[in-house]
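# Descriptive analysis of the structure
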Amino acid sequence: MEHIRTTKVEQVKLLDRFSTSNKSLTGTLYLTATHLLFIDSHQKETWILHHHIALVEKLALTTSGCPLVIQCKNFRIVHFIVPRERDCHDIYNSLLQLSKQAKYEDLYAFSYNPKQNDSERLRGWQLIDLAEEYKRMGVPNSNWQLSDANREYKICETYPRELYVPRIASKPIIVGSSKFRSKGRFPVLSYYHEHKEAAICRCSQPLSGFSARCLEDEHLLQAISKANPVNRYMYVMDTRPKHRMQSWWATQKDIGRIIVRISSKIWNDEKIRESDEKKRLNAMANRAAGKGYENEDNYSNIRFQFVGIENIHVMRSSLQKLLEVNGTKGLSVSDFYSGLESSGWLRHIKAVMDAAIFLAKAITVESASVLVHCSDGWDRTSQVCSLGSLLLDSYYRTIKGFMVLIEKDWISFGHKFSERCGHLDGDPKEVSPVFTQFLECVWHLTEQFPQAFEFNEAFLVQIHEHIHSCQFGNFLGNCQKEREELKLKEKTYSLWPFLLDDQKKYLNPLYTSKSPKFTVLEPNTVSFNFKFWRNMYHQFDRTLHPRQSVFNIITNMNEQNKQLEKDIKDLESVRFRVLKIHSVGILSWMKF
Amino acid sequence: MEFSDLIRTRRAQAKLLRGPEAPPLRGTLCLTGHHLLLSPGPQATSELWLLLLRSVDSIEKRVASDSGTITLRCKDLRVLQLEIEGVEASLDIARSIEALSSLESVITSFPFFYRPKGLRLGDAWHFHPPERYYKRVARETNAWRLSEVNEDFSVCPSYPRAVIVPRSVDDGALARSARFRQGGRFPVLSYHHAPSGTVLVRSSQPLTGPQKRRCAEDEELLRAVLAGARPGARGFIVDTRSSQAAKQARMTGGGTEAKAAYPGWKRLHRPLERGQPLQESFVRLVEACGDLQQSTDSWLRRLEGCCWLAHVKEALSTACLAAQGMEREGACILVHGAEGTDSTLLVTSLAQLILDPLSRTMAGFQELVEREWIQAGHPFQLRCAHSAFSHARPKHEAPTFLLFLDCVWQLGRQFPLSLEFGEGLLLALFEHAYASPFGTFLCNSERERCLCEVRTRTHSLWSGLNQPKEQRKLRNPLYAPNPLAIWPSVELQSLRLWQGLFLRWIRPPEPSEVAWEKVWQIVTDKEKTKLSQPTVSASEPQL
């Protein structure tokens, strides 16, 4: 409260950056402890959560007043004109303070009270149960077991307590491998494909420096490949672009034989085979130049696959460019498309999608297990593992399943939500739209497969809203250990039950759960399938949207249909009863 | 001339490839005067495959030792490949297709031979005569009359026989005004907007020339337009050329309305692309769409480079300007460019679609196309002679009509419930405008259609489309009449590439089309359940 000097300013103008008429709304601006609220003359309210504010700017004074521009993490941009400069300055200063908190305890989630009692709150937190989820996948089983190695967060602080590993991997092997991997993030199970008996595993990069080899790590990988009874060959997917990786590999002393084997079953496409051939030649050239990759002699039965997803810094500036370009009104075609191209955003989205498709194909076509890693194994690895599982398993395309997926591959495996979303006043270089990209990839899939998802676009946008809102505890903190220390389950609420209560809003009326065709999604990644996601990046710019919504209409019709069908059934049953009574009557009459 | 002179080889064994998704067809290939047929062997289950030769845009032939490959690129952007046994046969067939697909004679074209079952000649040709639209105008205002000054097409060869003009102007004045306008296209009524009592009028450019000539009757005609609208109405002249191009036109005898000569009218310039640059834009877009291997970056670069969406944006915003002038400012609008047969019609037809709820119905839209494009004298035969694949140097080709359809599609995307027709109708119109078994899009004007007796000797596309079996493809299941004007957003963030047309044959059949089926199913379910309910409850009391 100490940051708020002015709580109410009247005669404030709100400009719409895309309005064709250049008209503005006049109203009153209120500043509360958690929100900035604007009520216009039609009593329409615009609420802006302080935590959503990414940037506040005070522009040069004009004749009509002092312009205040607020950019939000949910891509809302508001342009106020405050009549008096003093008021504007006060609000500006307050917002600067309020939008950047230093402590977790000052975040909205710790004061947000939806009027639930403790047991309701606890039930909310228990809604998503990961142990249950692993059971659904079919683990533990004869090849995979629950490891208690990290029960006390002793081996890896950023992993959850409960980890699934190959049954034959002993604790010393796990400990040894974790020492060889960055941040102790050794290979563990992310998804088990029961039908193919293949697994998606995840880890971080091997550590450079002291040793080029780690027998335990090699054993653990071997154990993963042995845990797959169908195909002993496994893939190791490094999700980083090769040019960035080479600098790291250059520090490796041991240079082994390099063979990037190409599975003809997957890559039967002529063109791709050609490009892989080129890659192979490149690799040979690199070897000659003294650079190297993982030593395939040490890791038997392994095929390496490189997919180029850029790092968090590239992604951050890419999104920034995208927003800059699209933020302007009256764009010409060349501004728009050259901006879209130079931002590289769609190229990055495609890279993530390509990686996930490769992963899904390795499992469905070859029944091969795949180990995915990037540098620390919490950004790109989370993207690829979760998106890959989504392609494979239709459960993750339901509302509940999608929550489980986020809870598993993102929250529990330590995607650093607080740092990536900038919840606290921290290092701006740690902020990156990694999760947003994941949501966008899912959106692209919903566009290509409009019947495969139980949820709609609004669901994705709402989740995006809440990773930044700090209103619920789910996305606070950077790993499970930190969340436990913050006692989030006692002090805050979980987002998921609230979304489930509202699920009518998020249902896709075209969803066909039974359609067997969609068991595995095989998206087409030709360039023109990647489109600008207007409903995310311009979600608040109403003038840019279609003026009518098909979804609402279809949803209503669907509901009416259901109601009418129910009515028919009810009536049928009444008729049936009447008939029965009738016939009983006739029978009894005949007896007489 | 007989077709048989052009057919060198009638039959050959061939394999047909129809894109990545459809399975190849094998069978006997036959060539007739109008069609290419592929008849699969007797044991095959698939049906006869048929292609109208008129729809072939370009042919490429390649020969190997004992066979030849012909690539046919069609006007509807489809690409087909025929593998034909025998080098001679394949070369002969290629040459024959080439000759037959580019025949220029109208009266030997297929519509004159097409006699489908279930349709009667002459049906639907009189669905949309100018008289019919005049009846509607007459109900709303009596300031306009139907003039038959062009009865014998002598006043304006590209206008229909009857046009709607201000009541106070007599036929003699019209004829003199026609002499002052290029091609005789004097100002005529395009649309009367009853809610604001204003009108949309179209013409061609005035022939002011370097001497800045004037024409009293033309000035009187436009004065009468204002006088017939609500009192005190102003007028805007929307010129679809830049002011510089309009000035330059004076050197060749054209020009624009001088301010002093037309009191109450204000001129606005909204340059729209036309002619060859528009055709090139189309060709480059289709080229870009055909490249499946390109990176996202190069795709975006080419999408930008071809400028197609810029043309969509300009057309829509000019139409919005005209519509806004009528609806919000209560002004009369005159639209013209140079000839008044291309971008002029684009603007007037789109403006009506924005303003007039009736034109958004299935029948209303067909009427709009008939009245504002076909009868208004858009030279379809010249503009649609070739599509995007032709190697021939374009002369008069321009995809103006396609641009119109694209704009309508964009409107439909932004107002998915307000158009009674769906993408299917727009695709059908695109196909039929370029090559059709029906006579509707033949010739360049009503006059030519009369000379060729198109109305009596060919079938109308509308009667073909309005058959019950076609409806599911063409209608929008979610249509709900919307009495308001539909103002589209013309920001680029709101415009999209029309994938259903430009990528129709390239991408695999999209699941969204399956979803469309699902929407239909939900809608018809609704109707069914609604219907079945009363019968159940009705049967109850009888027990």
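Going along each chain's sequence as written, the residues are numbered from 1 onward. For this description, chains carry letters from A and ligands carry numbers from 1, given in the order in which they are written. Residue-level local features of this predicted model are given only where pLDDT is at least 70; pairs of side-chain atoms are given and counted only at 80 or more, and the full residue set underlies all totals for whole chains, interfaces and linings. Each side-chain value is worked out from all heavy atoms of the structure, with water and hydrogens disregarded.

For the record, the criterion: UniProt positions are given in the numbering used here, feature names are shortened, and annotations may be inferred rather than shown by experiment.
Per an unreviewed UniProt entry, chain B is named Myotubularin-related protein 9-like, and its organism is Acinonyx jubatus. Within the UniProt record for chain B, the comment given under Sequence similarities (unreviewed entry) is "Belongs to the protein-tyrosine phosphatase family. Non-receptor class myotubularin subfamily."

As annotated in an unreviewed UniProt entry, chain A carries the name Myotubularin-related protein 6 isoform X3 and comes from Acinonyx jubatus. You can read under Sequence similarities (unreviewed entry) in the UniProt record for chain A the words "Belongs to the protein-tyrosine phosphatase family. Non-receptor class myotubularin subfamily."

## Digging into the sheet that holds strand S11 (residues 198-202) of chain B
Residue and element names in this part refer to chain B. Cut-off, in case you're wondering: Note on pairing: two strands pair once DSSP finds at least 2 bridges between them. Numbering of helices and strands runs from the N terminus; a helix is a DSSP stretch of H or I covering at least four residues, while a strand is a stretch of E covering at least two. Comment: axis = line fitted to C-alpha atoms, over the contacting stretch for helices; angle = value between 0 and 180 degrees taken between N-to-C directions.
Read across the open sheet, the 5 strands follow the order S10-S11-S14-S12-S13; overall the sheet is mixed. Among the strands making up the open sheet, the edge pair consists of strand S10 (188-193) and strand S13 (265-269). Across the sheet, the mean angle from the axis of one strand to that of its neighbour is 20°, orientation sign disregarded. Pairing geometry for strand S12 (residues 235-239) and S13, over 5 bridges, is parallel.

## Thoughts on the domain arrangement of chain B
Residue and element names in this part refer to chain B. Which entries qualify depends on this criterion: Where each domain begins and ends follows an automated or database-derived domain assignment. Whether two residues touch is decided by their heavy atoms; if any such pair falls within 4.5 Å, the residues are in contact. Here the buried area means the combined drop in accessible surface, using a 1.4 Å probe, for two parts upon being joined, counting both sides. By definition, a salt bridge exists where a carboxyl oxygen of Asp or Glu is found within 4 Å of a side-chain nitrogen of Lys or Arg. The definition of a polar contact used here is a pair of N or O atoms within 3.5 Å, where within protein one atom must be able to donate a hydrogen and the other to accept one, and adjacent residues in sequence count solely through side-chain atom pairs.
In terms of domains, chain B is made up of domain 1 (4-103) and domain 2 (130-499). Averaged C-alpha coordinates put domain 1 and domain 2 at centres separated by 37 Å. The interface of domain 1 with domain 2 comprises 12 residues on the first partner and 15 residues on the second. Both sides together, the interface formed by domain 1 and domain 2 hides about 1,000 Å², and carbon and sulfur atoms give 67% of it. Counting the surface domain 1 buries against domain 2, the share from its top three residues, Asp57, Lys75 and Leu77, is 52%. In this assembly, domain 1 and domain 2 are joined by 0 salt bridges. Joining domain 1 to domain 2, the criterion identifies 7 residue pairs in polar contact (both at pLDDT 80 or more). Mapped onto the side of domain 1 that touches domain 2, the elements with two or more residues apiece are strand S5 (56-63) and strand S6 (67-74).

## What to know about the domain arrangement of chain A
Residue and element names in this part refer to chain A. Put simply, the rule is: Asp, Glu, Lys and Arg are counted as charged, while Ala, Val, Leu, Ile, Met, Phe, Trp, Tyr, Cys and Pro are counted as nonpolar; the rest, among them Gly, fall into the polar class.
Each assigned domain of chain A is listed here: domain 1 (8-100), domain 2 (120-247 + 276-538) and domain 3 (549-591). A straight line from the C-alpha centre of domain 1 to that of domain 2 covers 37 Å. In this assembly, 12 residues from domain 1 lie in contact with 19 residues from domain 2. Taken over both partners, the interface formed by domain 1 and domain 2 buries close to 1,300 Å², and the fraction arising from carbon and sulfur atoms is 56%. There are 0 salt bridges connecting domain 1 and domain 2. At the boundary of domain 1 and domain 2, one finds 4 residue pairs in polar contact (both at pLDDT 80 or more). Its residues assigned to classes, the side of domain 1 that touches domain 2 shows 3 nonpolar, 6 polar and 3 charged.

## Focus on the pairing of strand S12 (residues 234-238) of chain A
Residue and element names in this part refer to chain A. We count it as follows: Throughout, exposure labels follow a simple rule: accessible area from a 1.4 Å probe, protein chains only, divided by the maximum for the residue type, with under 20% read as buried, over 50% as exposed, and the rest as partly exposed.
Where burial is concerned, most of S12 is hidden: 5 out of the 5 residues are buried. Every second residue of S12 is oriented toward a common face, with Met234, Val236 and Asp238 on one face and Tyr235 and Met237 on the other, all of them buried. In the sheet, S12 pairs with strand S13 (residues 302-306) via 5 bridges, with the strands oriented parallel. Among the inter-strand pairings, valine 236 is bridged to a residue of S13, identified as phenylalanine 304. Bridging between S12 and strand S14 (residues 369-373) involves 5 bridges; their strand directions are parallel. Note that in S14 the partner of methionine 237 across the bridge is valine 372.

## Some remarks on the interface of chain A and chain B
The parts lose accessible area when they come together, and the size of an interface is often stated as this lost area. Counting from both sides, the interface comprises 61 residues of chain A and, opposite them, 55 residues of chain B. In total, about 5,200 Å² of surface goes out of reach between chain A and chain B, with carbon and sulfur atoms giving 64% of it. Considering only the side of chain A, the residues that lose the most area to chain B are Tyr337, Phe528 and Gln548 of chain A, jointly responsible for 16% of the buried surface there. Remark: the boundary between chain A and chain B carries 3 salt bridges. Between arginine 347 of chain A and aspartate 297 of chain B there is a salt bridge, with its nearest N and O atoms 2.5 Å apart. Linking chain A with chain B are 11 residue pairs in polar contact (both at pLDDT 80 or more), by the criterion used here. Breaking the side of chain A that touches chain B down by element, the ones donating at least two residues are helix H9 (333-343), helix H10 (345-366), helix H14 (434-448) and helix H21 (550-591) of chain A. For the side of chain A that touches chain B, a count of residues per class yields 28 nonpolar, 20 polar and 13 charged.

## Considerations on the sheet that holds strand S10 (residues 188-193) of chain A
Residues and elements named next belong to chain A. Spatial ordering of the open sheet is given by S10-S11-S14-S12-S13, a layout of 5 strands whose pairing is mixed. A single partner strand is all that each edge strand has here, and the edge strands are S10 and S13. In this sheet, adjacent strand axes meet at a mean angle of 20° when their direction is disregarded. Taken strand by strand, helix H5 (residues 215-226) contacts strand S11 (198-203), S12, S13 and S14, and its axis lies near 125° from that of S12.

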